[in-house]
Amino acid sequence: MRQIGYLTVLLLIVIGCDKNDENPIECSQSGNCDKCIVINKDLYNQTDTKNYTIQDITINQDCLEVEFSSSGCDGSSWMIELVDLGAISETVIPQRDLKLKLENHELCEAYITRKISFNLTKLQLENYDELKLKIADYNSLITYDY
């Protein structure tokens, strides 16, 4: 009977552990937005922000809309992500740090402007109804009320 108890406890421990705890949570629903935000400290630290210029950022409901420009042919092959550092600055209003990640392999000299939106709901915190978003290479903090 004791062996069954030990086996049950061991089974619960194995089921309760997840080998992928360090992997970012995958977003399965972007809602009315174009894409989901990636939360990954390593990717945030590796992201270069020098290959684009952010023109404007606005919030429309739970979507962060980013208008940005970069050189290219038509922008159709661009791979775009918004990456969150995965840490929260504990100020009066919590703050999150984000970077726009653009993979652009187009070798044309045109200057293309695009607008893309990202679902912010994954960044919401319990016991708060607003966040400050600090986007790398953008001149002001964005307030996200939810």
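Here, every reference points to the structure presented above.
As the structure is a prediction and not an experimental result, all values here were calculated from the model.

## Side note on the pairing of strand β6 (residues 110-119)
In this structure, strand β1 (residues 35-39) lies alongside β6, joined through two bridges in parallel fashion. Bridging from a neighbouring strand, lysine 35 pairs with phenylalanine 118 of β6. The sheet contact formed by strand β3 (residues 63-72) and β6 spans 10 bridges and is antiparallel. Bridge pairing links glycine 72 to alanine 110 in β6.

## Thoughts on the pattern of salt bridges
Per the counting criterion, the structure on display carries three salt bridges. In this structure, aspartate 84 and arginine 96 form a salt bridge, with 3.0 Å as the shortest nitrogen-oxygen distance. Within this pair, whereas aspartate 84 is found in strand β4 (residues 79-89), its partner arginine 96 is found in strand β5 (residues 95-103), the two being separated by 12 residues in sequence. Across the pair, arginine 96 and aspartate 84 agree in class, each one buried. Because the salt bridges share partners, they merge into one network encompassing Glu81, Lys101 and Glu103.

## A look at the state of the cysteines
By the definition in use, this model includes two disulfides. The partner cysteine of cysteine 33 in its disulfide is cysteine 63, sulfur to sulfur 1.9 Å. On the S-S bond that ties cysteine 33 to cysteine 63, the torsion sits near -95°, and the link is left-handed. Linking cysteine 33 in the loop between α1 (2-16) and β1 with cysteine 63 in strand β3, this pair joins segments that are 30 residues apart in sequence. With respect to burial, cysteine 33 and cysteine 63 carry one shared label: buried. Covalent S-S linkage joins cysteine 73 and cysteine 108, the inter-sulfur distance amounting to 1.8 Å.

Reading the values: the criteria
- Residues numbered from 1 in each chain as written.
- Predicted model: local features only at pLDDT ≥ 70, side-chain atom pairs only at ≥ 80, totals over all residues.
- Heavy atoms only, no water.
- Pairing = 2+ DSSP bridges.
- Helix = DSSP H or I, 4+ residues; strand = E, 2+ residues; numbered from the N terminus.
- Salt bridge = Lys/Arg side-chain N within 4 Å of Asp/Glu carboxyl O.
- Buried < 20%, exposed > 50% of the residue type's maximum accessible area, 1.4 Å probe, protein only.
- Disulfide = S-S within 2.5 Å.

Remember that the coordinates give geometry; whether it matters functionally is a separate question.
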